[in-house]
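Next come the chains, spelled out residue by residue.
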Amino acid sequence: MRIEGFRYTERLGAVLLRDVQKIIELDSGMDSDQEEEARGVYKINESIIHDIQKEMVIVIPTKNEKLKLFENCISGVPNACLKIIISNSDITPLNRFELEKETLQQFCDFTRRRAIIIHQKDPIISRALQEAGYTDILDEEGIVRDGKAEGMVIGILLTKFLGKKYIGFIDADNYFPGTVLEYARAYAAGFYLSKYEQCMVRILWRYKPKIHEQGLYFKRWGRVSEITNRCLNSLISFVSGFETDVIKTGNAGEHAMAISLAESIPYASGYAIEPQELLSLFEEYGDIPHLGNHRDGFKGIEILQIETRNPHLHENKGQEHINQMLLASLGAIYHSDVCCEETKNLILEELNRQGLLRLGEEPPRPKLIKAPKEIDFEAFANIVGENLDKYIVQ
Ligand code: GDP
Ligand code: CO
């Protein structure tokens with residue numbers, strides 16, 4: 001594949017934020033093809049993409065998505081990646097989880113590949129997390145709470161357990177399998193281009209099509225992401241003293257990390273997780289004067305943002321879902337120790353304008369989930385190791 005090189009980098013302490021890099025060509029020919037070297041553009045050979053994908057797990061969080069969309073999604077994941085599905089779908093009245101398992105089984109029969117599927121509330125996983133002291137994602141009964149983030153964190157722990165190097169997340173509510181393939185290729189390209197081991201790749205969709213009276217309209221920005229990005233950029237601008245618009249993927253559900261990075265950041269519950277990943281990195285490594293988090297000699301953490309060619313079409317979950325997502329995202333920014341008064345005011349104005357907060361109210365504080373590396377991993381691994389067979393489909 002062919003992709004733009006780095007154009008512009010914003011730095012916050014040890015955190016390097018790379019501006020968006022566009023995919024120029026999805027397939028750039030055979031590895032052996034000789035050609036004149038282009039400027040400012042990288043050709044990434046298929047063998048490199050394949051080698052990285054062999055080290056990569058794709059985690060698909062899912063909750064009651066249409067079976068057709070779930071099937072779309074698994075069919076688009078490159079063959080070399082190991083798929084882990086973390087499902088929070090209903091067991092009753094209709095056992096949707098069982099239907100997902102069947103669909104995956106059929107896929108594995110056809111492809112002769114192995115995959116893993118786990119229910120988020122599986123009692124063995126919950127016990128493993130209890131033993132490991134990971135109470136942040138458990139409810140009062142010791143069972144894993146609802147929430148996309150909670151599912152993602154289980155995915156991170158399993159990826160670490162399996163000894164894989166990279167983890168990428170892809171939502172299950174995707175209408176086009178081809179986009180899934182492109183995301184996984186973009187992740188590999190990002191890891192190849194990154195200069196640092198601690199790397200995160202976030203996807204920016206080229207367009208998000210909407211249906212208007214005149215027909216299809218290819219919208220560039222989703223409403224929530226436009227506002228989340230503006231607030232994150234405001235936060236960075238006031239810390240550095242230079243106005244910036246570098247963040248374009250504040251809500252990127254599609255993103256990937258080196259597992260060494262994924263296990264070392266604190267997360268936030270539910271839909272606040274994507275912006276919180278960035279905030280956690282700024283809080284810990286951003287060299288923010290009032291937090292005194294300066295670290296000498298610490299190697300960088302790199303965040304790449306890659307723009308796809310394919311438009312993204314996912315399930316429309318309605319206005320209430322969008323409102324909850326906006327509140328959770330801006331709540332995470334508002335309550336971050338890095339956030340200054342100016343950005344807090346911007347958030348309050350925005351939420352008041354949207355009618356989501358009354359004057360004098362504050363957005364919700366996200367429930368934080370400590371970094372996976374803080375838990376007793378051996379305790380988790382012992383229990384999961386004894387039971388892994390139950391979750392493997394082959
Ligand atoms: P959006 O695309 O960001 O608006 O959010 P979605 O509602 O589409 O959620 C993103 C992905 O997370 C989808 O694949 C959902 O099925 C999945 N998801 C939502 N809630 C949960 C949950 O509680 N647990 C798990 N494991 N996945 C979830
Ligand atoms: Co979605």
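Each value, and the rule that gives it
- Residues numbered from 1 in each chain as written.
- Chains lettered and ligands numbered in written order.
- Predicted model: local features only at pLDDT ≥ 70, side-chain atom pairs only at ≥ 80, totals over all residues.
- Heavy atoms only, no water.
- Helix = DSSP H or I, 4+ residues; strand = E, 2+ residues; numbered from the N terminus.
- Rg over C-alpha atoms; globule rule 2.2 N^0.38 Å.
- Buried < 20%, exposed > 50% of the residue type's maximum accessible area, 1.4 Å probe, protein only.
- Areas by Shrake-Rupley, 256 points an atom, 1.4 Å probe, with all protein chains shown as cover.
- Lys, Arg positive; Asp, Glu negative; His and termini not counted.
- Charge placed at Lys NZ, Arg CZ, Asp CG, Glu CD.
- Core = buried A, V, L, I, M, F, W, Y, C linked by side-chain atoms within 4.5 Å.
- Contact = heavy atoms within 4.5 Å.
- Near = heavy atom within 4 Å.
- Polar contact = N/O pair within 3.5 Å; in protein donor to acceptor, adjacent residues only side chain to side chain.
- Nonpolar A, V, L, I, M, F, W, Y, C, P; charged D, E, K, R; others polar.
- Patch = residues over 30% accessible without salt bridge, like charges linked within 9 Å, V, L, I, M, F, W, Y side chains within 5 Å.
- Salt bridge = Lys/Arg side-chain N within 4 Å of Asp/Glu carboxyl O.
- Donors = N, O, S within 2.8 Å, 3.2 Å for Na, K, Ca; no water.
- Pairing = 2+ DSSP bridges.
- Axes fitted to C-alpha atoms, helices over the stretch in contact; angles between N-to-C directions.
- Parallel < 35°, antiparallel > 145°, perpendicular 65-115°, else oblique.
- Left-handed = near helix turned anticlockwise from the far one by under 90°.
- Phe/Tyr/Trp six-rings, centres within 6.5 Å; stacked < 30°, edge-to-face > 60°.

Side note on the overall build of the protein chain
Along its length, the protein chain carries twelve helices and 16 strands. Here the C-alpha atoms of the protein chain give a radius of gyration of 21 Å, agreeing with the 21 Å that 2.2 N^0.38 yields for 394 residues. If you line up the protein chain on its principal axes, its C-alpha atoms span 60 × 55 × 55 Å. Relative to its 394 residues, the protein chain shows a buried fraction of 56%. For the protein chain, the accessible surface area stands at approximately 17,800 Å², while carbon and sulfur atoms represent 48% of it. When the 47 basic and 60 acidic side-chain charges of the protein chain are each reduced to a single mean position, those positions are 2 Å apart.

A closer look at the nonpolar core
The biggest cluster of nonpolar side chains holds 79 residues, and the ones touching the most others in it are Leu129, Met257, Tyr267, Leu281, Phe282, Ile333 and Phe380. When residues in this core are grouped by element, the largest group, eight residues, is from helix α10 (residues 318–334). The residues touching Ile333, leaving out its near neighbours within four places in the chain, are Thr228, Cys231, Leu232, Leu235, Leu279, Cys339, Thr343 and Ile347. Counting residues in hydrophobic clusters, the runner-up holds 42 residues, among them Phe107, Ala115, Val180 and Val393.

What to know about the site of ligand 1
Neighbouring ligand 1 are 18 residues, the closest being Glu65, Gln120, Asp173, Lys317 and His321. At 3.0 Å, a backbone N or O of Ile86 approaches a nitrogen atom of ligand 1. In the model, an oxygen atom of ligand 1 is placed 2.8 Å from a nitrogen or oxygen of the Ala172 main chain. Protein chains bury 92% of the 570 Å² of accessible surface belonging to ligand 1 in isolation. For the shell around ligand 1, the secondary-structure elements that each account for two or more residues are β5 (56–62) and α10. Within the shell around ligand 1, the residues separate by chemical class into five nonpolar, six polar and seven charged.

Focus on a nonpolar patch on the surface
Taken together, the side chains of Leu67, Leu94 and Leu99 make up a nonpolar region of the molecular surface, amounting to roughly 220 Å² of accessible area. Here Leu67 is to be found in helix α2 (residues 67–76).

Section: the coordination of the cobalt ion (ligand 2)
Here the cobalt ion (ligand 2) is held by Asp173 (OD) and His314 (ND1), and the distances to it run 2.0 to 2.2 Å. On the basis of relative accessible area, Asp173 is assigned to the buried category, the value being 4%.

Observations regarding the side chain of Thr62
Mapped onto the elements, Thr62 comes out in strand β5. Contacts of Thr62, omitting those with residues within four sequence positions, involve Phe70, Ile85, Ile86, Ser87, Asn88, Ser89, Glu100 and Ala172.

A few points about the environment of Met200
Looking at the secondary structure, you find Met200 in strand β9 (residues 198–204). Here Met200 is in contact with Ala256, Met257, Leu261, Ile265, Glu277, Leu281, Glu302, Ile303 and Leu304, once residues within four sequence places are set aside.

Regarding the environment of Glu254
Looking at where Glu254 falls in the secondary structure, it is placed in the loop between α7 (223–240) and β12 (255–258). For the pair Glu254 and Ile288, spaced 34 residues apart in sequence, the C-alpha separation works out to 28 Å. If near-sequence neighbours (up to four positions away) are discounted, Glu254 is found in contact with Phe169, Ile170, Asp171, Tyr183, Tyr187, Val201, Arg202, Ile203, Trp205 and His312. In terms of polar contacts, Glu254 uses its side chain to reach the backbone amide nitrogen of Asp171, at 2.9 Å.

Quick notes on the pattern of salt bridges
Taken as a whole and judged by the stated rule, the model has 23 salt bridges. In this structure, Lys22 and Glu307 form a salt bridge, with 3.8 Å as the shortest nitrogen-oxygen distance. Here Lys22, found in strand β3 (residues 15–25), pairs with Glu307, found in strand β14 (residues 301–307); they are 285 residues apart in sequence, far enough to count as distant. One salt bridge in this structure joins Lys317 and Glu65, with 2.8 Å as the shortest N-O distance. Residue Lys317 is found in the loop between β14 and α10, and its partner Glu65 is found in the loop between β5 and α2; the two are separated by 252 residues along the sequence. Linked through salt bridges whose partners overlap, the residues forming this network are Lys22, Arg206, Arg220 and Glu307.

Observations regarding the pairing of β3
Burial analysis of β3 places eight of its eleven residues in the buried class, the great majority of the element. Pairing of strand β2 (residues 9–12) with β3, which is carried by four bridges, proceeds in the antiparallel orientation. Bridge pairing links Leu12 to Val15 in β3. Connecting β2 to the next strand, β3, in antiparallel fashion are two residues, including Gly13 with a positive phi near 60 degrees. Bridge count for β3 against β14 is six bridges, and the pairing is parallel. Paired with Gln21 across the bridge in β14 is Ile306.

Considering the packing of α7 against helix α11 (residues 341–353)
If you want to describe how two helices pack, look at the angle between their axes and the distance between the axes. Orientation of α7 relative to α11, taken along the N-to-C sense of each, is 165 degrees, at an axis distance of 9 Å. Comparing their axes, α11 and α7 come out roughly antiparallel. For the element pair α7 and α11, the recorded crossing hand is right-handed. On α11, the residues touching Ile227, Arg230, Cys231, Ser234, Leu235 and Phe238 of α7 are Glu342, Thr343, Leu346, Ile347 and Glu350.

Quick look at the packing of aromatic side chains
For the structure on display, the rule yields three aromatic pairs. Both rings, one in Tyr207 and one in Phe218, keep their centres 5.9 Å apart while their planes meet at 75 degrees; by these two values the pair is edge-to-face. Residue Tyr207 is located in the loop between β9 and β10 (208–212), and its partner Phe218 is located in strand β11 (residues 215–219); the two are separated by eleven residues in the primary sequence. A residue is classified by how much of its surface remains accessible, and Tyr207, at 27% relative accessible area, is partly exposed. The class of Phe218 is partly exposed, set by a relative accessible area of 38%. Plain terms: the ring middles of Phe377 and Phe380 are 5.9 Å apart, the flat faces sit at 35 degrees to each other, and that makes the pair tilted. On the criterion of helical spacing, the pair formed by Phe377 and Phe380 is a turn pair, its members being three residues apart in helix α12 (residues 377–387).

By themselves, these figures tell us nothing about what the structure is for.
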